[in-house]
Amino acid sequence: MSSPAPAGASSRPVRVLLVEDDDLMRRSFAVALERYGYEMTAAADGLTGLELFRDESFDLLILDVMLPGLDGIGLCRRVRESSLVPVLMMSARGDGLDVVAGLEAGADDYVVKPVDTYVLVARIRSLLRRATYAPAPGPERAADEGPPPEGEVLVFGDLSIDTAGMEVFVSGSPVALTPTELKLLLEFAAHPGVVLERHTLLRNVWEYGWDGDSRVVDLCVQRLRRKLGRERIETVRGFGYKLRR
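So, here's what we can say about the structure.

1. Observations concerning unusual backbone geometry
- Of the consecutive residues lysine 113 and proline 114, the connecting peptide bond is found in the cis state with omega at -5°.
- Relative to the assigned elements, proline 114 resides in the loop between strand 5 (109–112) and helix 5 (117–131).
- One non-glycine residue, serine 171, lies in the positive phi region at around 55°.
- Tracing the backbone shows serine 171 in the loop between strand 8 (167–170) and strand 9 (173–175).

2. Brief notes about the pattern of salt bridges
- Tallied over the full model, the rule gives 17 salt bridges.
- With its nearest N and O atoms 2.7 Å apart, the salt bridge here joins arginine 26 to aspartate 23. Residue arginine 26 and its partner aspartate 23 are located together in helix 1 (residues 23–35), separated by three residues, close to a single helical turn.
- Each of Arg15, Glu39 and Glu56 takes part in one network of salt bridges that share partners.

3. Looking at the side chain of serine 83
- Residue placement: serine 83 occurs in the loop between helix 3 (72–80) and strand 4 (87–91).
- Separated by 3.0 Å, the side chain of serine 83 and the backbone nitrogen of valine 85 make a polar contact.

4. Some details on the environment of aspartate 45
- Mapped onto the secondary structure, aspartate 45 falls in the loop between strand 2 (39–43) and helix 2 (46–55).
- Taking the C-alpha atoms as reference points, aspartate 45 and glutamate 20, 25 residues apart in sequence, are found 6.7 Å from one another.
- Residues in contact with aspartate 45, not counting those within four places in the same chain, are Val19 and Pro68.

5. Remarks on the pairing of strand 7 (residues 159–162)
- Side chains Leu159 and Ile161 project from strand 7 onto one buried face, and the interleaved Ser160 and Asp162 project onto a second face that is buried too.
- Both strand 6 (residues 153–156) and strand 7 contribute to a ladder of four bridges, which runs antiparallel. Paired with phenylalanine 156 across the bridge in strand 7 is leucine 159.
- Taken together, strand 6 and the strand that follows it, strand 7, pair antiparallel across an intervening segment of two residues, in which glycine 157 is found at a positive phi of about 65°.
- In this structure, strand 7 lies alongside strand 8, joined through four bridges in antiparallel fashion. Looking at the pairing, leucine 159 lines up with valine 170 of strand 8.
- Between strand 7 and strand 8, which pair antiparallel in sequence order, lie four residues; one of them, methionine 166, sits at a positive phi of approximately 55°.

Parameters and conventions
- Residues numbered from 1 in each chain as written.
- Predicted model: local features only at pLDDT ≥ 70, side-chain atom pairs only at ≥ 80, totals over all residues.
- Heavy atoms only, no water.
- Helix = DSSP H or I, 4+ residues; strand = E, 2+ residues; numbered from the N terminus.
- Salt bridge = Lys/Arg side-chain N within 4 Å of Asp/Glu carboxyl O.
- Polar contact = N/O pair within 3.5 Å; in protein donor to acceptor, adjacent residues only side chain to side chain.
- Contact = heavy atoms within 4.5 Å.
- Buried < 20%, exposed > 50% of the residue type's maximum accessible area, 1.4 Å probe, protein only.
- Pairing = 2+ DSSP bridges.

In structure tokens form, the structure reads like this:
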């Protein structure tokens, strides 16, 4: 299973695949992001986007929901069959089923069109940071003790997290997580048994500096539960979620 190339790991620019059927919007997004140093490849339909994804290597995908041939949600599902590359969905309907369907398909985040370039760039940077995320020391470790020792493994019942290799196992079997799912799990693991509110998770995992849509949290938790076991992350109604010790 392929994974996203580390952003900033080399001198080459970050490669972004943009799939958007509106010609004017596709060109304007591509030009704007190239000015920020991203290497852009664009497609006008989902099937072409899928072919490009399979033939080339990208660090991040931006997919419009409404696409001819194969829509963005279907494309995201096909991508997730073989890759953990960060995916940002674009929807013209912020309160519609598009957002939920895209996140359930495996997207990491979404923006609502029309979107300002600085907002789009902020979401891209956040996704790329998650793709190269290294956990900070947990609250049980004093700040002057430094980071956890290399190879430290966190264990919660049949769930184990290798914080050096950034690998997750359930009953000894490896579990593939997207960068966002992994960072969310590490946030829970840093505070086992502690209820984390949705706005706290939005700030710490998605890096929202403003009130964001809590559906991204709820749906990412759902995806984690499908992979780790439904009992692993507990819902505390009216407050948020906690990882069971």
